[in-house]
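Remarks on the overall topology
This is what each chain is made of:
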Amino acid sequence: DVVLTGDCAYACSGALASLIMENFPEKVTVKDVTRAEAMFKGSTLETINLDIPLKGASVIMANFCNNAANLREFNGVISLSNGGNTFGSFGSIFDGCKSLEKLPTMLDMRPLDLNSTFRDCHRLRTIPDDFFSTWAFGCYDASWYTLANVFQRCYSLRKIPTSFSE
């Protein structure tokens with residue numbers, strides 16, 4: 001069995017990780033991730049079926065699935081398991097996921113910025129209404145950078161949650 005825990009930066013970005021996750025998905029579990037930066041960056045996976053509990057004072061999510069161009073579906077829940085502290089950057093977490101159609105459920109997120117979060121998600125049509133429902137916004141100084149390029153080149157995007165624009 002493979003247990004991903006603690007600092008998981010770049011943990012699933014290589015060909016071997018993709019091979020294991022494609023052929024033995026039941027053997028992979030995730031717990032108490034303290035760093036998820038570029039965890040699936042450049043992955044060749046088409047589907048990810050994982051729950052990812054995040055834990056820590058400032059979990060970095062930047063480039064989480066950046067340039068995972070084949071990724072179509074991310075099934076699972078990504079949640080902050082300690083229920084309180086702030087996150088670091090969410091910049092580019094799905095940037096370059098050109099085939100992405102289904103987003104994971106993300107609970108209790110507290111992003112410091114959303115720069116380029118969905119940039120180049122060409123096939124993403126809908127961001128579910130509840131996608132941001134448990135996220136904490138408004139507790140940080142919003143600047144042009146925090147939302148820059150969030151939906152840039154999302155050619156198929158037709159619907160975003162109303163809570164995002166409130």
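Look up: the structure comes first, before these words.
Just so you know, these numbers come straight off a predicted model, no measurement behind them.

**Some details on the environment of Tyr-10**
Within the element layout of this structure, Tyr-10 appears in the loop between strand 1 (2-7) and helix 1 (15-23). Residue classification places Tyr-10 among the partly exposed positions, given a relative accessible area of 45%. Residues Tyr-10 and Phe-64, 54 residues apart in the sequence, show an inter-C-alpha distance of 8.4 Å.

**Let's talk about the nonpolar core**
Of all hydrophobic cores here, the largest spans 41 residues; its most connected members are Phe-40, Ile-52, Phe-64, Cys-65, Phe-94 and Phe-118. Mapped onto this core, the elements with two or more residues apiece are helix 1, strand 2 (28-35) and strand 4 (52-54). With 3 residues, strand 2 is the largest single contributor of residues to this core.

**Section: the packing of aromatic side chains**
Within the structure shown, the criterion is met by 5 aromatic pairs. Aromatic pair Phe-118 and Phe-151: ring centres 5.8 Å apart, planes at 0 degrees, arrangement stacked. Pair noted here: Phe-118 is in the segment after strand 7 (105-107) and Phe-151 is in the segment after strand 7, with a separation of 33 residues, a long-range link. A residue is classified by how much of its surface remains accessible, and Phe-118, at 1% relative accessible area, is buried. Here a set of aromatic residues connected by ring pairs shows up, and it is made of Phe-40, Phe-64 and Phe-74.

Each value, and the rule that gives it
- Each chain carries its own residue numbering, running from 1 in the written order of its sequence.
- Residue-level local features of this predicted model are given only where pLDDT is at least 70; pairs of side-chain atoms are given and counted only at 80 or more, and the full residue set underlies all totals for whole chains, interfaces and linings.
- The side-chain values count all of the structure's non-hydrogen atoms but skip hydrogen atoms and water molecules.
- In this text, helices come from DSSP runs of H or I with a minimum length of four residues, and strands from runs of E with a minimum of two, each type numbered from the N-terminal end.
- The buried label goes to any residue with under 20% of its type's maximum accessible area, the exposed label to any with over 50%, and the partly exposed label to all in between, with areas taken from a 1.4 Å probe on protein chains only.
- Residues enter a nonpolar core if they are buried and are Ala, Val, Leu, Ile, Met, Phe, Trp, Tyr or Cys, with the set joined through side-chain atoms within 4.5 Å.
- Aromatic contacts are taken between Phe, Tyr and Trp rings whose centres are within 6.5 Å, Trp giving its six-membered ring; a plane angle under 30 degrees counts as stacked, one over 60 as edge-to-face, and the others as tilted.

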